[in-house]
There are 2 protein chains.
Amino acid sequence: MTLDERKFMILKAIIDDYIMTAMPVGSRTISRKSGVGFSPATIRNEMSDLEELGYLAQPHTSAGRIPSNKAYRLYVDQLLHINGITPEEKIRIDRYMHDRSQQVEEMIRAAANVLSDATQYTSVIVAPQIRSLRIRRVQLVKVSDTMALMIVVTNAGIVKDAAVRIPEGITSEHLFRISEMLTEQLQEHTLSEVRQIFAQMFRDLSTHRRLLGGVMSAMEEKLVEDAPEDIIVGGTTKMLNYPEYSDVEKAKNFLSIFESKDRLAGLLKKSGGMEISIRIGPENEIEELKDCSLVTATYRVGSHGKGTLGIIGPTRMNYRRVLTVMDYMGHVISNLLSGE
Amino acid sequence: MTLDERKFMILKAIIDDYIMTAMPVGSRTISRKSGVGFSPATIRNEMSDLEELGYLAQPHTSAGRIPSNKAYRLYVDQLLHINGITPEEKIRIDRYMHDRSQQVEEMIRAAANVLSDATQYTSVIVAPQIRSLRIRRVQLVKVSDTMALMIVVTNAGIVKDAAVRIPEGITSEHLFRISEMLTEQLQEHTLSEVRQIFAQMFRDLSTHRRLLGGVMSAMEEKLVEDAPEDIIVGGTTKMLNYPEYSDVEKAKNFLSIFESKDRLAGLLKKSGGMEISIRIGPENEIEELKDCSLVTATYRVGSHGKGTLGIIGPTRMNYRRVLTVMDYMGHVISNLLSGE
DNA sequence: GTTAGCACTCATCTTGATCGAGTGCTAATC
DNA sequence: GATTAGCACTCGATCAAGATGAGTGCTAAC
């Protein structure tokens with residue numbers, strides 16, 4: 001048995017309906033739909049076939065059918081064609097984003113809001129991976145006699161700071177000179193390259209070794225290694241609007257995902273190089289997401305550096321809408337971050 | 001009719017029981033409790049009186065009684081005596097907090113976690129009000145030919161940054177000189193005082209007016225006025241563990257409070273000067289909190305500057321525990337912030 | 001190949017009976 | 001006069017039985 005034209009059509013109709021209503025779809029419902037010129041009985045036969053093929057499932061004998069994960073997979077791979085974002089929405093988003101594109105953090109936050117507002121699902125954005133960004137300036141700011149604050153400005157405008165212990169007797173004038181020197185050396189390099197450059201500097205220099213050592217280890221530890229993944233989540237509670245989560249236990253389970261950013265980071269990283277990735281139900285390795293789909297896309301910052309944006313919703317999410325919005329927002333974020 | 005010793009005792013027993021179980025309390029339950037040497041019938045008479053006085057309510061005739069908001073008010077005002085935090089817990093908290101006291105933001109976040117872990121309710125912490133903090137350093141860092149980043153370090157170690165447009169042709173050397181000058185002028189003043197100082201500077205100076213104007217307005221707008229209240233929330237989903245919120249609608253309602261930080265900020269500010277404030281049910285003006293209690297305390301940063309920490313839980317929260325933990329954490333935060 | 005017809009299934013809703021925790025009142029007891 | 005035992009009563013919760021209806025699978029007719 002193979003999937004002919006008609007089976008495709010019926011399956012698509014079922015999925016479309018189920019995405020809207022979250023209720024098992026019966027043969028009559030499909031038959032009534034304009035464009036499907038068959039009686040419920042015929043549909044039933046086809047549905048029976050589709051069930052045998054693993055695309056549909058029945059919650060119980062006298063209920064309608066619901067799509068299986070396999071069906072969604074087919075749906076997103078073959079049955080779905082993205083329609084572009086509407087001009088009105090484009091304008092609305094552009095305007096909103098333009099107003100808050102000054103500071104990166106704020107921009108990302110705004111983007112997360114846009115994503116979850118536009119899709120009505122939970123959105124997740126991973127800030128650009130700091131280690132792949134290019135350093136634009138390094139500046140040491142004296143805070144007390146023994147402490148300075150190291151500020152690193154990158155090409156995406158992202159500012160990171162870390163406390164550095166400084167030897168006593170260093171004036172702010174000294175710190176400025178050293179900052180200038182550091183900036184000169186590190187400019188245009190990525191944070192992941194600093195180690196080598198520092199090694200070189202250590203060879204060339206005799207003074208301020210201790211201070212530089214402190215700066216280097218602060219960069220490495222605080223900015224590269226320890227750096228807690230900067231993850232912004234939007235619309236966490238949107239999920240509670242869907243009948244799938246009308247049970248508090250399920251809701252709690254879902255919300256718990258967002259309590260540990262580390263876990264979330266791991267999850268999002270998996271999507272790796274892909275331009276756009278869709279993971280349906282158990283394709284996510286996280287137990288709590290086995291009834292959810294995760295759609296992720298990557299955005300780029302200049303030639304280096306990239307981050308991830310994602311939408312988490314029920315497996316019966318409106319993939320078309322989500323893909324449309326994601327696609328557009330991916331570009332918006334890339335442009336805003338690269339433009340600065 | 002007045003509240004004699006025995007009525008107090010019975011009321012307290014009912015509240016204590018209800019706080020534990022969230023179930024209407026019957027006369028038998030109270031009678032069984034050791035320390036209450038009366039039969040259910042006697043208790044019933046007293047309960048009937050207490051109901052008439054407005055301290056108890058009956059969900060329906062054949063159920064037990066539940067405490068009214070008035071009862072909680074009496075409870076926290078008169079019946080409750082705080083017991084100190086246990087040494088073990090003190091050590092646990094101290095250790096946890098000590099490990100993350102380097103960066104203010106991280107420390108506040110850690111404190112929010114401690115609060116919600118220790119109480120099992122949702123915690124909220126408002127970061128120190130930036131406008132009342134003393135400036136320690138101001139530094140302008142060149143980011144591009146036309147933009148600089150203004151970094152303000154305060155006495156609490158809190159770093160704020162804002163983008164400032166700079167006239168072309170300004171070198172980083174210039175910026176450093178100006179930063180030194182600004183630091184000298186503004187040091188030890190609070191952000192709310194900068195306007196006057198700038199006015200003075202404008203009078204005295206003839207050069208760099210445009211740049212200084214930009215710096216001033218950035219300080220005023222981005223750091224003082226616009227500054228979105230820095231609010232950290234911990235354990236948002238803790239509330240879902242309580243039977244009061246086993247209904248998704250209620251849960252959604254509750255969680256929506258945390259979607260708008262502005263509203264939350266307004267709510268927390270109300271507690272104003274009070275050392276510790278307890279608002280029960282409708283005493284909170286926010287509709288969504290009419291079944292919740294909000295306990296807030298203030299912490300101080302040095303002589304100036306203060307912030308708020310709070311716990312939000314059901315009206316039947318364990319006030320004793322909450323007050324104990326809050327009291328301790330208030331001191332911990334004050335010390336950590338003032339010590340730096 | 002398609003569809004009308006029909007028996008069958010099964011979750012959901014409704015109804016009514018039962019249960020039991022808890023009350024309020026009265027009369028007996030301390 | 002305060003306390004308590006006794007008892008009728010209330011009312012939500014629980015459960016079983018029946019009715020309802022959406023939907024299926026199968027067969028036979030078109």
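See the structure printed just above.
Parameters and conventions
- Residues numbered from 1 in each chain as written.
- Chains lettered and ligands numbered in written order.
- Predicted model: local features only at pLDDT ≥ 70, side-chain atom pairs only at ≥ 80, totals over all residues.
- Heavy atoms only, no water.
- Pairing = 2+ DSSP bridges.
- Helix = DSSP H or I, 4+ residues; strand = E, 2+ residues; numbered from the N terminus.
- Axes fitted to C-alpha atoms, helices over the stretch in contact; angles between N-to-C directions.
- Contact = heavy atoms within 4.5 Å.
- Buried area = accessible area lost by both parts, 1.4 Å probe.
- Salt bridge = Lys/Arg side-chain N within 4 Å of Asp/Glu carboxyl O.
- Polar contact = N/O pair within 3.5 Å; in protein donor to acceptor, adjacent residues only side chain to side chain.
- Nonpolar A, V, L, I, M, F, W, Y, C, P; charged D, E, K, R; others polar.
- Near = heavy atom within 4 Å.

Undergrad: Got a minute to help me understand the sheet that holds strand 4 (residues 135-142) of chain B in this structure?
TA: Backbone hydrogen bonds are what pair the strands of a sheet, in a parallel or an antiparallel way. Residues and elements named next belong to chain B. Sheet architecture is open: three strands sit in the order 4-5-6, paired in antiparallel fashion. Looking at strand neighbours, the two that pair on one side only are strand 4 and strand 6 (159-165), the edges of this open sheet. For this sheet the average axis-to-axis angle between neighbouring strands, irrespective of direction, equals 20°. Both strand 4 and strand 5 (residues 147-154) contribute to a ladder of seven bridges, which runs antiparallel. Bridging from a neighbouring strand, I135 pairs with T154 of strand 5. In the packing of helix 7 (residues 172-186) onto the sheet, contacts are made with strand 4 and strand 5, and the angle to strand 4 comes to roughly 165°.

Undergrad: Looking at this model, I keep getting lost on the sheet that holds strand 7 (residues 231-234) of chain A. Mind explaining?
TA: Residue and element names in this part refer to chain A. Spatially, five strands are ordered 7-3-10-9-8 in an open sheet, and the strand pairing comes out antiparallel. Each edge of the sheet is formed by a strand with only one pairing partner; in this case those strands are strand 7 and strand 8 (276-280). Put simply, the sheet's adjacent strands are angled 15° from each other on average, direction ignored. The sheet contact formed by strand 3 (residues 122-126) and strand 7 spans four bridges and is antiparallel. Within the sheet, the bridge partner assigned to I125 lies in strand 7 and is I232. Sitting on the sheet, helix 6 (residues 104-119) touches strand 3, strand 7, strand 9 (292-300) and strand 10 (306-314), and the angle it makes with strand 3 is about 155°.

Undergrad: Teacher, can you tell me more about the interface of chain A and chain B here?
TA: By convention, interface size is frequently given as the accessible area that disappears when the constituent parts associate. On the side of chain B, 28 residues touch chain A, which itself brings 28 residues to the contact. Counting the surface lost from both chain A and chain B, the interface buries some 2,700 Å², and carbon and sulfur atoms represent 60% of this. On inspection of chain A and its partner chain B, the count reaches two salt bridges. In this structure, R177(B) engages E173(A) in a salt bridge whose closest nitrogen and oxygen atoms are separated by 3.2 Å. Our count for the contact surface shared by chain A and chain B stands at eight residue pairs in polar contact (both at pLDDT 80 or more). Of all the secondary-structure elements, those providing two or more residues to the side of chain A that touches chain B are strand 4 (135-142), strand 5 (147-154), strand 6 (159-165), helix 7 (172-186) and helix 10 (248-256) of chain A. Looking at the side of chain A that touches chain B residue by residue, the class counts come to 12 nonpolar, six polar and 10 charged.

Undergrad: Mind showing me how you'd approach the protein's contact with DNA strand C here?
TA: Lining the immediate surroundings of DNA strand C are 20 residues, of which R6(A), T42(A), T61(A), S62(A) and S27(B) lie closest. Of all DNA strand C atoms lying within 4 Å of any protein atom, the proportion belonging to sugar or phosphate reaches 73%. Measuring from a sugar or linking oxygen of DNA strand C, one finds a backbone N or O atom of S62(B) at 3.3 Å. R65(B) places a polar side-chain atom, nitrogen or oxygen, 3.2 Å from a phosphate oxygen of DNA strand C. Of all the elements in the fold, those that place two or more residues in the surface near DNA strand C are helix 3 (40-52) of chain A together with helix 3 (40-52) of chain B. It is helix 3 of chain A that provides the largest number of residues to the surface near DNA strand C, a total of four residues. Of the residues that constitute the surface near DNA strand C, the class distribution is four nonpolar, 12 polar and four charged.

Undergrad: What exactly am I supposed to notice about the protein's contact with DNA strand D here?
TA: Lining the immediate environment of DNA strand D, one finds 20 residues, of which S27(A), R6(B), T42(B), T61(B) and S62(B) sit closest. In DNA strand D, the atoms that sit within 4 Å of the protein are 71% sugar and phosphate, with bases accounting for the remainder. At 2.8 Å from a phosphate oxygen of DNA strand D is found a side-chain nitrogen or oxygen belonging to R6(B). Note that a sugar or linking oxygen of DNA strand D is positioned 3.3 Å from one of the side-chain N or O atoms of T61(B). Elements supplying a minimum of two residues to the surface near DNA strand D: helix 3 of chain A together with helix 3 of chain B. Sorting elements by how many residues they give to the surface near DNA strand D places helix 3 of chain B first, with four residues.

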